[in-house]
Amino acid sequence: MRLEARKLTAGYGGDFCITDADVVIEERRVTGIIGPNGAGKSTLLRALARVIKPQRGVVLLDGEVLHQLPGRLVAKKLAFLGQPLEGVPDLTIEELAYRGRFPHQTMLRRDAAADREAVDWAIGAMNLESMRGRPLKQLSHGEMRRAWTALALAQQPDILLLDEPTAFLDMAHQFELLDLLSKLTDHGVTVVVSMHDLWLTAIYCQRVIAMSGGRIVAAGPTDEVLTVELIREVFGVEVALQPHPSVAGRHIALPVSRRREAAPAEPVPNPATRPSPH
Amino acid sequence: MTLAAAPRQQQARPSFGTARLLLVWGLPLALLALAIVLGIALGPVNLAPARVIDGLLNRGEPLDHTIVWDLRLPRVLLAVLVGASLGVSGALLQGVTRNPLADPHVLGLTAGGGFAASLALRLYSDFPHELMAPVAFAGSLLGAALVYLLSWRGGVSPVRLALSGVAVASLLTACTTMVLVTSNFTTQAALAWLAGGLFGRGWVDLRVMWPYAVAGLGAAMLLTRGMNILALGDEAAQSLGLGVERTRLFAVAVAALLAGAAVSVAGMVAFVGLLIPHVARGLNGDDHRGLVPLSAILGATLVVYADLFARMVQRPVEIPLGIVTAVIGAPFLLYLVRSKA
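A. Spotlight on the overall build of chain B. When you go through chain B residue by residue, the secondary structure sums to 14 helices and 0 strands. Secondary structure of chain B in N-to-C order comes out as α-α-α-α-α-α-α-α-α-α-α-α-α-α. Here chain B has a C-alpha radius of gyration of 21 Å; the compact-globule value for 341 residues is 20 Å, and the two agree. Seen through its principal axes, chain B has C-alpha atoms that stretch 60 × 55 × 35 Å. Out of the 341 residues belonging to chain B, those deemed buried represent 48%. Residue pairs in contact within chain B that sit at least 24 positions apart in sequence constitute 76% of those at least 6 positions apart.

Structure below.
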């Protein structure tokens, strides 16, 4: 299942949040969308997910114009998860996952065996078997995220689009969720996530789309995109790239300072007088 | 017995079982059945169950048949339909707006009916009682359409729907009051109508009203799957392939149809649409497939008892049904709110 955007311009009301975006999502990979706040990451995801309509350009799903396809049909191939609701529905994890079967059911026809199989797989893939009967209201942030992801997986999508899935999670739960998402590619699922954290992006994403000011600045394999120059341009920070100690062929970016406007080869100040590194 | 062999639903909610089924569905159904029997048996002449049955089958005294068949049965059936309509209307509106305070009165779906009825009485002081229902029905639907159009801005958001509903309700209620205080004739008729009641209603009204109520209740059942998806939030619903705006429009239209049908025969019956979905949710949970039919049963039960009370408490004078439901509903709602917190 191939997802791409051509000359995509989209936004809310009259404002364009993204302009002329050309995107090709590589299949069976984890693609990370990075960029500072307001870069248009969420808008790009929503346009790719058929949640908002493009003002210009098209999104193509296997060569067909996404926004002209029926919603139910798209929902069987492509699942999107935005930021969670403020209120928590009075449901158990399993009941929530069953609602992901909606696009596969009609008023009169449903395949109970297929529904159960898909829900079981989704709950298993999110490592929630032991708590499938637990109400959502009793879950931690990390469990809640996985429960909603199970809903999306119960759709049995080929492509899973997630808007900042690791937001508000503590570090262990970020790793846990990204581990589970990475494993989905073994099942043939294409994963697209918007990410805030460059370290996690470097470790978990095979491909990266870098955005700034509503435009796509760079896209490609992670190590080719995440360069010192690109991070300076997109995030306005100086980083030093270091080989990842345990993931071969990956580099992680250590923040050094804000972008220096003058010449780069500035002497490092005395550590004792340096402000705390953030 | 192995755990794996047990049906999934039992794992999902440990409390699910026969006892729960009996509590959630058996108790309300039993209360409704009792209400219907009491509603037919009690009145100025109290009838023993045997006489009720004889009256229904027209094999006892002719007077019993008149009381049971012509006076009480249609009124009880109307109370059932009015209650079910208001309960389901409230359940749909609370789902669509994701707001626990939504109900057909608060959202202005019935204020148009009140305005239309009082205007009719103002213009024609001898406005025929039989025509009141269609006029109120049309007024309700127009009011509901106004609410929906005012909240439209490339789509209807739950918050805008709730706010424009409250605005339209206040405006139309003010217009109703204006019409009443500036009229020369006695406002008794209009006031009685506005306070709600089934006094003098019979087969004629039932024959006009039941198709709308039944159609609305059926349509509400068809909406339940979509409402469950809508409850997950607009974005989630959209990415599950639900036509969000279409579902919302359909749900508001069905809620307006039901509220209009109820208002047309019973006037303004307060609190049923607000209270009943909360009780139903307490018993059944958020799943609309259970919530909607349970709201119908509980709403019907409440209104039949309330109408019985309205007839019986101050004989021979009837007190307005809307006052009874408010007196029962307000404290009960407060209790629900406080027990949740």
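B. Spotlight on the sheet that holds strand S8 (residues 190-194) of chain A. All names here are of chain A. The mixed open sheet is built from 6 strands, whose spatial order is S6-S7-S8-S3-S9-S10. Only two strands of the sheet have a single partner each, and these edge strands are strand S6 (78-81) and strand S10 (215-221). Looking at each pair of strands side by side, their axes are set apart by 15° on average, direction ignored. In this structure, strand S9 (residues 207-212) lies alongside S10, joined through 6 bridges in antiparallel fashion. Bridge pairing in S10 links Ala210 to Ala218. Running at roughly 150° to S8, helix H1 (residues 41-48) makes contact with strand S3 (30-34), S6, strand S7 (159-162), S8 and S9 of the sheet.

C. Focus on the interface of chain B and chain A. Between chain B and chain A, the residue contacts involve 21 residues of the former and 26 residues of the latter. When contributions to the side of chain B that touches chain A are tallied by element, the ones reaching two or more residues are helix H1 (8-12), helix H9 (203-230) and helix H10 (234-239) of chain B. A class-by-class count of the residues in the side of chain B that touches chain A yields 8 nonpolar, 8 polar and 5 charged.

D. View of the pairing of strand S1 (residues 3-12) of chain A. All names here are of chain A. In this structure, S1 lies alongside strand S4 (residues 56-61), joined through 5 bridges in antiparallel fashion. Directly across from Leu3, in S4, lies its bridge partner Leu61. The pairing of S1 with strand S2 (residues 15-25) spans 7 bridges and is classified as antiparallel. Bridge assignment links Ala5 to a residue of S2, and that residue is Val23.

E. Molecular detail of the sheet that holds S4 of chain A. Residues and elements named next belong to chain A. Spatially, the 4 strands line up as an open sheet ordered S2-S1-S4-S5, and their pairing is antiparallel. Across the chains shown, the open sheet's two edge strands, defined by having one partner strand only, are S2 and strand S5 (64-65). Packed on one face of the sheet, H1 meets S1, S2 and S4 and runs near 120° to S1.

F. Up close: the packing of helix H4 (residues 62-97) of chain B against H9 of chain B. Residue and element names in this part refer to chain B. Closest axis-to-axis distance for the H4/H9 pair is 9 Å, and the angle between their directions is 25°. Here H9 runs roughly parallel to H4, going by the angle between their axes. Crossing geometry of H4 relative to H9 is assigned as left-handed. Contacts between H4 and H9 involve Pro74, Leu77, Leu78, Leu81, Ala84, Ser85, Val88, Leu92 and Gly95 on the former and, on the latter, Trp203, Asp205, Leu206, Met209, Trp210, Ala213, Gly216, Leu217, Ala220, Leu223, Met227 and Leu230.

G. Molecular detail of the confidence of the model for chain A. Taken residue by residue, chain A gives an average pLDDT of 89. The fraction at 70 or more is 92%. Counted against residues more than four places away or in other chains, residues 274-278 of chain A, with its pLDDT under 50, gives 2 contacts.

H. Molecular detail of helix H6 (residues 171-184) of chain A. All names here are of chain A. With 14 residues, H6 extends 20 Å from end C-alpha to end C-alpha; this agrees with the ideal 20 Å at 1.5 Å per step. Of all the positions in H6, only Gln174, Leu177, Leu178 and Leu181 are classed as buried. Here the buried residues of H6 occupy an arc of 95° about the axis, which is enough to place them on one side. Exposed residues lying more than 90 degrees from the buried face of H6 are Ala172 and Asp179. At its buried positions, H6 is contacted by S3, helix H5 (141-154), S8 and helix H7 (198-204).

I. Region of interest: the environment of Leu153 of chain A. Residues and elements named next belong to chain A. Within the element layout of this structure, Leu153 appears in helix H5. Sequence separation between Leu153 and Val119 is 34 residues, and the spatial gap between their C-alpha atoms is 8.0 Å. For Leu153, the contacting residues outside a window of four places in its chain are Ala122, Ala125 and Met126.

J. Here's a closer look at the environment of Gly285 of chain B. All names here are of chain B. Here Gly285 is to be found in the loop between helix H12 (272-284) and helix H13 (288-312). Looking at Gly285, the number of C-beta atoms within 10 Å reads 18, which means it is partly exposed. Separated by 182 residues in the primary sequence, Gly285 and Asp103 have C-alpha atoms spaced 18 Å apart.

Rules used in this analysis
- Residues numbered from 1 in each chain as written.
- Chains lettered and ligands numbered in written order.
- Predicted model: local features only at pLDDT ≥ 70, side-chain atom pairs only at ≥ 80, totals over all residues.
- Helix = DSSP H or I, 4+ residues; strand = E, 2+ residues; numbered from the N terminus.
- Rg over C-alpha atoms; globule rule 2.2 N^0.38 Å.
- Buried ≥ 20, exposed ≤ 12 C-beta atoms within 10 Å, placed from the backbone.
- Contact = placed C-beta atoms within 7 Å.
- Pairing = 2+ DSSP bridges.
- Axes fitted to C-alpha atoms, helices over the stretch in contact; angles between N-to-C directions.
- Nonpolar A, V, L, I, M, F, W, Y, C, P; charged D, E, K, R; others polar.
- Parallel < 35°, antiparallel > 145°, perpendicular 65-115°, else oblique.
- Left-handed = near helix turned anticlockwise from the far one by under 90°.
- pLDDT = per-residue confidence, 0-100.
- Expected span 1.5 Å × (residues − 1).
- Arc of directions from axis to C-beta.

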